[in-house]
Number of protein chains: 2
Amino acid sequence: MDIPKYAIIVAGGKGNRMHSQLPKQFIPLVGKPVLMHTIERFHFADPKIKIVLVLPEHHIKFWKDLVKEHHFEIIHQIAVGGTSRFQSVKNGLETIKEDGLVAIHDGVRPFISKDIINNAYQTAYEKGNAIVTVSLKDSIREVHQNGNDAKDRSKFKLVQTPQTFNLDIIKKAYNTSEKSFFTDDASVAEASGNNINLVDGSYYNIKITTPEDLQIAEIFAKKKWNNS
Amino acid sequence: MDIPKYAIIVAGGKGNRMHSQLPKQFIPLVGKPVLMHTIERFHFADPKIKIVLVLPEHHIKFWKDLVKEHHFEIIHQIAVGGTSRFQSVKNGLETIKEDGLVAIHDGVRPFISKDIINNAYQTAYEKGNAIVTVSLKDSIREVHQNGNDAKDRSKFKLVQTPQTFNLDIIKKAYNTSEKSFFTDDASVAEASGNNINLVDGSYYNIKITTPEDLQIAEIFAKKKWNNS
């Protein structure tokens, strides 16, 4: 596959759920901000991947200071975030002028493996998109107005990132106004008529959102389970 | 609430997913088998709770040896497990002769909090049953024959345990043959015509199934987050 590959790393979260002043993407994990681990995952999966980091405007200077402090040398472009994840991804996409592939990934998922990243690019190359998902470990119930019902868990998948696309396809999909049901990039692509292709993620690929997630992340980081 | 309270702790798992000879309920966590932590949760939530431990027949002697070795003093009755979770719970229920309430709980969920346990008994006392669930953190997609679709994650709940019932209601529900859609006790109760009441669980209340779960459990156990 000899085609330009991009990764848009979305780091717009303000950390309200962490009970912490420091947004979660900047919290150190084994001595280095979460976001640097995440960027490394893509760089080490393929050093040719061009990285676009989307940050809220008021975090850009803070990030640049962190980069200096940690002597972080992986080249990346910075795009300015918007008022929502949708707008942030849209801003990131607008900075990319080439055709090719783009993996859109949460800045707070630092344990994505090289294999999953590369498999997602390959599937998106072949089929237009690739959405990383995992099976449910627990039973699931659907809540409705008058109660709730058991559902067959084998018919559901939990969605992670990266969500990887042909750039032309995802740019066209994002050329729309934001809808309330746009919870991720797959839902945006789907709304513009694309069939979604699922590829296997991993239970290690956690999104660091809550205090317990951060404790789990420390263990994962120390065990270097992120080196696969 | 002055009514007999039971807990059926189901420990039938054979540990196939752990890549370990030792079934996961017996694996030590900060020096003590997972199952002892789980039993303690119920005992410390209310020492009057009568505990029924369901074990496969070929694990009973091993368990009794562990009890001696660890000087484990919480009184519990042992019931012999069946060939499925359904059959194991049914066997556990058959050992209970009184009316009252019963919480049915996975032996490999050692981080259930006292508050959740007591709230589940209270709700089951008032409404007949109480099923512990948590909201989804990730987007969800439903897989069907011709592809998959985004679903509104706010309409779904992931099911944990305990699943707590009026004993008369759940015994009647279990007085049936096993169906393939019986993935938990709520689905059994639902099939016999009961409306299911959901109560809040916790992301700490993990089910130890995979090797990464065990690593997470070590952290949780060391932090004593299970003391709430």
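Every value quoted in this text rests on a predicted model; they were computed, and no experiment measured them. (Residues numbered from 1 in each chain as written. Chains lettered and ligands numbered in written order. Predicted model: local features only at pLDDT ≥ 70, side-chain atom pairs only at ≥ 80, totals over all residues. Heavy atoms only, no water.)

Undergrad: Could you give an account of the environment of B:Phe182, naming the residues involved and the relevant values?
TA: Residues and elements named next belong to chain B. Its place among the elements puts phenylalanine 182 in the loop between helix 5 (167-174) and helix 6 (185-191). Overall, phenylalanine 182 belongs to the buried group, its relative accessible area being 11%. Leave out the neighbours within four places in its chain, and phenylalanine 182 touches Phe86, Thr176, Ser177, Ser187, Val188 and Ala191. (Helix = DSSP H or I, 4+ residues; strand = E, 2+ residues; numbered from the N terminus. Buried < 20%, exposed > 50% of the residue type's maximum accessible area, 1.4 Å probe, protein only. Contact = heavy atoms within 4.5 Å.)

Undergrad: Pulling in residues and values, what's your account of the interface of chain A and chain B?
TA: Counting residues at the interface gives 36 residues for chain A and 35 residues for chain B. Interface area, chain A with chain B, both sides summed: about 3500 Å², of which 57% is carbon and sulfur. In terms of surface lost to chain B, no three residues of chain A exceed A:Ser139, A:Arg141 and A:Glu212, which account for 18% of the buried area on that side. Viewed at the interface, chain B and chain A are joined by 6 salt bridges. The closest approach of N and O atoms between B:Lys137 and A:Asp213, which form a salt bridge, is 3.0 Å. Run the count over chain A and chain B and you get 18 residue pairs in polar contact (both at pLDDT 80 or more). Taken together, the elements giving at least two residues each to the side of chain A that touches chain B come down to strand 8 (139-144), strand 9 (147-151), strand 10 (156-166), helix 6 (185-191) and helix 7 (211-223) of chain A. In terms of residue count, helix 7 of chain A provides more of the side of chain A that touches chain B than any other element does, 7 residues in total. Its residues assigned to classes, the side of chain A that touches chain B comprises 16 nonpolar, 6 polar and 14 charged. (Buried area = accessible area lost by both parts, 1.4 Å probe. Salt bridge = Lys/Arg side-chain N within 4 Å of Asp/Glu carboxyl O. Polar contact = N/O pair within 3.5 Å; in protein donor to acceptor, adjacent residues only side chain to side chain. Nonpolar A, V, L, I, M, F, W, Y, C, P; charged D, E, K, R; others polar.)

Undergrad: Could you give an account of the pattern of salt bridges, with specific residues and numbers?
TA: Scanning the model with the defined rule gives 28 salt bridges over all chains in all. Between B:Lys5 and B:Asp46 there is a salt bridge, and its shortest N-O distance comes to 2.8 Å. Of this pair, B:Lys5 sits in strand 1 (residues 5-10) while B:Asp46 sits in the loop between helix 1 (34-45) and strand 4 (50-55), placing them 41 residues apart in sequence. With respect to class, B:Lys5 is no different from B:Asp46; both count as buried. The salt bridge partner of B:Asp65 is B:Lys61, with a shortest N-O separation of 2.8 Å. A residue pair is termed a helical-turn pair when its members lie 3 or 4 positions apart in one helix, as B:Asp65 and B:Lys61 do in helix 2 (residues 60-69) at 4 residues. Shared partners join several salt bridges into a network, and the residues in it are A:Arg85, A:Asp106, A:Arg109, A:Asp185 and B:Asp138.

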